[in-house]
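# Structure at a glance
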Amino acid sequence: MQKNNQTTIEEIFRICRGGDNRTGVELLYRDYYRTMYGIAFSILKKNDASEDVIHNVGYKLLRLDSTKFPSQHELSWLYTVMKNEALMFLRSAPVLECIDENTPVIEEDKNIRDLVDMDSYQQMISRLNDTQKQVVTLKVLGGCTHREIANML
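Note that the structure is predicted; figures quoted are calculated from it, not measured.

Here the focus is the nonpolar core. Counting residues in each nonpolar core, the largest one holds 32 residues, and the members touching the most others are Leu 28, Met 36 and Met 82. The set of elements that each furnish at least two residues to this core consists of helix H1 (9-17), helix H2 (21-44), helix H3 (47-63), helix H4 (74-92) and helix H7 (146-152). With residues up to four places along the chain from it excluded, the contact list for Met 82 reads Met 36, Ile 39, Ala 40, Val 53, Ile 54 and Val 57.

Okay, here's the thing in structure tokens:
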């Protein structure tokens, strides 16, 4: 089942099980980046950290033995891998130091606008419980369908 020339998650992991991790991971980035980002962001609440987690998972999948890729419940497996990597990232994140008041202000760029948008988004969902936040984030940021969210959670 493909939508808009998107390779299904089942096909991607079939390719990986066949020993072609590079192609599988490239397809995963191409077709499921938003989903992976939504999962990571629902836990980390930070753009850069979420992207780091996606890249960490991609690297680990490139090196993963082909027999370790799932042959069923692939989206749930990906959700679990992303969630675990995000939690490990949280545990290993260094404590940030305060910025000196004399630090020059950098001109606003797209990343700053995105950060402000993410702050607004966080405020909008702040009254939801954790599960509700996860569902909304997977839908809005991850672009997941309701069926995909239901299967993952």
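Inspection of the entire model under this criterion finds 5 aromatic pairs. Between the aromatic rings of Phe 13 and Phe 69, the centroid separation amounts to 5.7 Å while the plane-to-plane angle is 35 degrees, which identifies the pairing as tilted. Of this pair, Phe 13 sits in helix H1 while Phe 69 sits in the loop between H3 and H4, placing them 56 residues apart in sequence. Taken as a pair, Phe 13 and Phe 69 share a single burial class, namely buried. Take Phe 13: its relative accessible area is 1%, and that puts it in the buried class. Joined through ring pairs, the aromatic side chains of Phe 13, Phe 69 and Trp 77 make up one cluster.

Moving on, we get to the side chain of Ser 42. Its location among the elements puts Ser 42 in helix H2. Taking relative accessible area as the criterion, Ser 42 reaches 10% and is therefore assigned buried.

Another aspect to go through is the environment of Leu 90. Its place among the elements puts Leu 90 in helix H4. Taking the relative accessible area as the measure of exposure, Leu 90 reaches 42% and is therefore partly exposed. If we ignore the near neighbours within four places in the chain, the residues touching Leu 90 are Ile 43 and Leu 44.

Regarding helix H6 (residues 130-140), the residues found buried are Lys 133, Gln 134, Thr 137 and Leu 138. Viewed along the axis of H6, the buried residues span an arc of 125 degrees, placing them on a single side of the element. Where H6 starts, the residue carrying a side-chain oxygen 3.0 Å from the main-chain nitrogen of Thr 131 turns out to be Asn 129.

Time to look at the pattern of salt bridges. Summed over the entire model, instances satisfying the criterion amount to 3 salt bridges. For the salt bridge of Arg 14 with Glu 11, the shortest nitrogen-to-oxygen distance reads 2.5 Å. Of this pair, Arg 14 and Glu 11 both sit in helix H1, 3 residues apart, which is roughly one turn of the helix. Ionic pairing is found between Glu 85 and Lys 60, a salt bridge with its closest N-O pair at 2.6 Å.

The rules we used
Residues numbered from 1 in each chain as written. Predicted model: local features only at pLDDT ≥ 70, side-chain atom pairs only at ≥ 80, totals over all residues. Heavy atoms only, no water. Core = buried A, V, L, I, M, F, W, Y, C linked by side-chain atoms within 4.5 Å. Buried < 20%, exposed > 50% of the residue type's maximum accessible area, 1.4 Å probe, protein only. Helix = DSSP H or I, 4+ residues; strand = E, 2+ residues; numbered from the N terminus. Contact = heavy atoms within 4.5 Å. Phe/Tyr/Trp six-rings, centres within 6.5 Å; stacked < 30°, edge-to-face > 60°. Arc of directions from axis to C-beta. Polar contact = N/O pair within 3.5 Å; in protein donor to acceptor, adjacent residues only side chain to side chain. Salt bridge = Lys/Arg side-chain N within 4 Å of Asp/Glu carboxyl O.

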